[in-house]
Amino acid sequence: MSFVSSAFVVLFVVVLAARLTIGRRKVESAYLAVLLVASIVFYAWHVPVYIFIILVSAAVDYYAALAIARTQGSVRRRLILTVSLAANLGLLGFFKYANFLSDAVIQLAAVAGLELAPPDVSVILPMGISFYTFQSMSYTIDVYRRRLQPLRGFQPFFLYIIFFPQLVAGPIVRAVDFIPQITRPRRLNRRAFYEGAWLILLGFFLKIVCADNLAVYVDEHWHRGMRETADASFSLWLALLFSGQIFADFAGYSSIARGLGYLLGFRLPVNFNAPYIAGSLKNFWERWHITLSTWLRDYLYVPLGGSRISRGRTYVNLMLVMVLGGLWHGAAYTFLAWGAIHGVALAVERALGLQHDAGIGRFRAVRAAWFVVTQALVLVAWVFFRSDSLPGAMTFVGNIAALDFSMPPAWMWIGALFLAPIAIHHAWAWSVERGVVRPLSPRVRAAVAAIMLYAILTLYSGTSDFIYFQF
């Protein structure tokens, strides 16, 4: 079941009907029970038995938080937190990295002259485990840091973990932001409904019109970009098409999730803010997958010392965080390379003082040049993210670096038409941020909504799974 399936439409209509009819303040236990049951049905739709995995993860953190709250000694509190984190990371590691580690052991054994047989059991990745594991961990950590009081009932806590609009692919929600909303009165609000409907329509437009049409060209021709015979223009255009696809796909999901949350009375965090206008790698991560980058900053980078320690350690921390961020996306060397590219680039950017508009970065020509470098590095990194092997990705990038440009085939120009809305979106965001134009008025937004709806109905080419479902 996904946002673009008929089963989901039926499920959401039932939940929305409950939103409109049950109670006046929408904090009644009956309405919360409907949300919880709907979330369980949504998650158990594909592999029903996997509901027990998310249940175990949630139960561990729920009871660990209670134990931490009533424990005084710092050593014992830290021990309970360690047990909680180990359980969460253990589940994540087993299901997400067991196959990867098994293959790595077999390859190392082959280098040593030993022949090992692969295990007969193949582990199927539970849907959304990377996202709900981080959410559950943030709850226990915040209780440990005394930023949050633990809940005294498992049902509302489990609703926080399994809330279906953002369960599978985010945004990653913090307990300190979501849990207070469970008991907050949610009276019907016309402006909230309008905002929710707008976000849902925008998300479907990005997914169905932009991402799915771009996927037709990317999926069919990506392997050709990894051939040594591919010219620079072919490979470059293909990389540009994928950069548009992954933005529209993931930002589309996040927008739909936020819109569904609005309709059900919950505010979910912004996850994307025009990342392709970022003038630095730091700014890119302030705009791309914001809830992941801030999670890694607050729960990993800062505890490691952040930038408060020596410059060398700061660079090591940046590298470590980004490599782990790459590994979070998937158990593959290509994701590790993707994270390493960003880690090295962030370290170099900090060393040069280009992460902010000060020092050498205050010069307009330098900022413009670094903008080009930033976006070029992001594009190169996407090649590794999309490719299924390191050699193939390196060949792909080498084809671009050869600079033997020629006229791209006609289908690429047609595919580029679906990049146009993404480019317009970013150009408009850039103009609004700089005060060149004002945000859309309600009438203009209504006109744009009508255009997007028409495009959804006429440019539908079949849907593919959301890219981040695999994480």
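Caption draft 1: Broad picture of the overall build of the protein. Scanning the protein for helices and strands turns up 18 helices and 0 strands. Relative to a compact globule of 471 residues, whose C-alpha radius of gyration would be 23 Å, the protein shows 23 Å and is just as compact. Taken along its principal axes, the extent of the C-alpha atoms in the protein is 65 × 65 × 55 Å. The buried share of the protein, taken over its 471 residues, is 52%. Taken as a whole, the protein presents about 21,800 Å² of accessible surface, with 67% of it coming from carbon and sulfur.

Caption draft 2: Just the packing of helix H8 (residues 190-225) against helix H18 (residues 442-458), in detail. Where H8 meets H18, the closest approach of the two axes is 9 Å, and the angle between their N-to-C directions is 40°. For H8 against H18, the interelement crossing comes out left-handed. Where H8 approaches H18, its residues Glu195, Trp198, Leu201, Leu202, Phe204, Phe205, Ile208 and Val209 are matched on the opposing element by Arg445, Val448, Ala449, Met452, Leu453, Ala455 and Ile456.

Caption draft 3: How the structure looks around helix H13 (residues 333-352). Relative to the 28 Å expected for 20 residues at 1.5 Å per residue, H13 spans 28 Å between its end C-alpha atoms, a close match to the ideal helical length. Next to the buried residues of H13 lie helix H10 (281-285), helix H12 (311-329), helix H14 (364-386) and helix H15 (390-401). Note on H13: the residue one or two positions beyond its end, Gly353, has a positive phi of about 75°.

Caption draft 4: Representation of a nonpolar patch on the surface. A grouping of Val47, Val49, Phe52 and Leu55 is seen on the molecular surface, where their side chains present a nonpolar patch of about 330 Å² in accessible area. Counting through the fold element by element, Phe52 comes out in helix H3 (residues 51-69).

Caption draft 5: Inspection of the packing of helix H9 (residues 232-264) against H14 at higher detail. At their nearest, the axes of H9 and H14 sit 9 Å apart, and the two run at 80° to each other. It follows that H9 is roughly perpendicular to H14 by the angle criterion. For the pair H9 and H14, the contacting residues are Leu236, Ala239, Leu240, Phe242, Ser243 and Ile246 in the first and Leu379, Trp382, Val383, Phe385 and Arg386 in the second. For the contact of H9 with H14, the residue count by class is 9 nonpolar, 1 polar and 1 charged.

Caption draft 6: Spatial organisation of the packing of aromatic side chains. Overall, the coordinates contain 41 aromatic pairs when judged by the stated rule. Here the aromatic rings of Phe42 and Phe164 are separated by 6.0 Å at their centres, their planes lie at 45°, and the arrangement is tilted. Residue Phe42 is located in helix H2 (residues 29-44), and its partner Phe164 is located in the loop between helix H6 (154-162) and helix H7 (175-182); the two are separated by 122 residues in the primary sequence. Residues Phe42 and Phe164 agree in their burial class; the two are buried. Summarising the aromatic geometry, the rings of Tyr62 and Phe154 are spaced 5.4 Å apart at their centres and angled 80° between planes, so their arrangement reads as edge-to-face. Taken as a pair, Tyr62 in helix H3 and Phe154 in helix H6 lie far apart in primary sequence, 92 residues in all. Tyr62 sits in the buried class, given a relative accessible area of 5%. For Phe154, a relative accessible area of 24% puts it in the partly exposed group.

Caption draft 7: The arrangement of the pattern of salt bridges in detail. Here the structure, examined in full by the defined rule, presents 10 salt bridges. Here Asp249 and Lys207 are joined by a salt bridge, their closest N and O atoms 2.8 Å apart. Taken as a pair, Asp249 in helix H9 and Lys207 in helix H8 lie far apart in primary sequence, 42 residues in all. Here the two residues Asp249 and Lys207 agree in accessibility, since each one is buried. For Glu433, the salt bridge is made with Arg434, and the minimal N-O distance between the two is 3.8 Å. Overall, Arg434 belongs to the partly exposed group, its relative accessible area being 44%. Each member of the salt-bridge network shares a partner with another, and the members are Arg174, Arg297 and Asp298.

Caption draft 8: Inspection of the nonpolar core at higher detail. Counting residues in hydrophobic clusters, the biggest one holds 139 residues, and the most contacted among them are Tyr139, Trp288 and Trp382. A total of 18 residues in this core trace back to one element, the largest contributor, which is H9.

Caption draft 9: Here's a closer look at the environment of Gly259. Turning to its location among the elements, Gly259 is positioned in helix H9. Residue class for Gly259 comes out buried when judged on its relative accessible area of 0%. Each C-alpha atom of the pair Gly259 and Val4 lies 14 Å from the other, and the pair is 255 residues apart in sequence. Residues in contact with Gly259, not counting those within four places in the same chain, are Gly196, Leu199 and Ile200.

Caption draft 10: Geometry of unusual backbone geometry. The backbone of Arg146 shows a phi angle near 65°, a positive value even though the residue is not glycine. Locating Arg146 in the fold gives a position in the loop between helix H5 (129-144) and H6. Looking at Arg146, the relative accessible area reads 58%, which means it is exposed.

Caption draft 11: Quick look at H5. In this model H5 runs 23 Å from its N-terminal to its C-terminal C-alpha over 16 residues, within 8% of the 22 Å that 1.5 Å per residue would give. Of all 16 residues making up H5, 16 are buried, and the element is well covered by its neighbours. At the exit of H5 stands Arg146, carrying a positive phi of roughly 65°.

Cut-offs applied
- Counting restarts for each chain: residues are numbered from 1 in the order of the written sequence.
- Totals for whole chains, interfaces and linings use every residue, but because this is a predicted model, local features are given only for residues with pLDDT of at least 70 and side-chain atom pairs only at 80 or more, for both listing and counting.
- Working from all heavy atoms in the structure, the side-chain values ignore hydrogens and water.
- Secondary structure elements follow DSSP: runs of H or I no shorter than four residues count as helices, runs of E no shorter than two count as strands, and numbering proceeds from the N terminus.
- Atoms considered for the radius of gyration are the C-alpha atoms alone. The globule rule reads 2.2 Å times the number of residues to the power 0.38.
- With a 1.4 Å probe rolled over the protein chains alone, any residue whose accessible area is under 20% of its type maximum counts as buried; one over 50% counts as exposed, and the rest are partly exposed.
- Calculation of accessible area relied on Shrake-Rupley with a 1.4 Å probe; when residues are assessed, cover is drawn exclusively from the protein chains displayed.
- Note on method: axes are straight lines fitted to C-alpha atoms, helices fitted across the in-contact stretch only, with angles between N-to-C directions ranging 0 to 180 degrees.
- Each crossing gets its hand from how the near helix is turned against the far one by less than a right angle, where anticlockwise is left-handed and clockwise is right-handed.
- Here, two residues are considered to be in contact whenever any of their heavy atoms come within 4.5 Å of each other.
- Each residue after the first adds 1.5 Å to the expected span of a helix.
- Residues with no salt bridge and a relative accessible area higher than 30% make up the patches, which join like charges within 9 Å and nonpolar side chains (Val, Leu, Ile, Met, Phe, Trp, Tyr) within 5 Å.
- Within this document, salt bridges are pairs made up of a side-chain nitrogen of Lys or Arg and a carboxyl oxygen of Asp or Glu, the two lying within 4 Å of each other.
- Small angles under 35 degrees read as roughly parallel and large ones over 145 as roughly antiparallel, with 65 to 115 read as roughly perpendicular and the rest as oblique.
- Note that Gly is not counted as nonpolar here; it falls among the polar residues with everything else outside the nonpolar set of Ala, Val, Leu, Ile, Met, Phe, Trp, Tyr, Cys and Pro and the charged set of Asp, Glu, Lys and Arg.
- When the centres of two rings from Phe, Tyr and Trp lie within 6.5 Å, Trp using its six-membered ring, the rings pair. Their planes under 30 degrees apart give stacked, over 60 give edge-to-face, and anything left gives tilted.
- Residue types Ala, Val, Leu, Ile, Met, Phe, Trp, Tyr and Cys, when buried and joined through side-chain atoms within 4.5 Å, form a set referred to as a nonpolar core.

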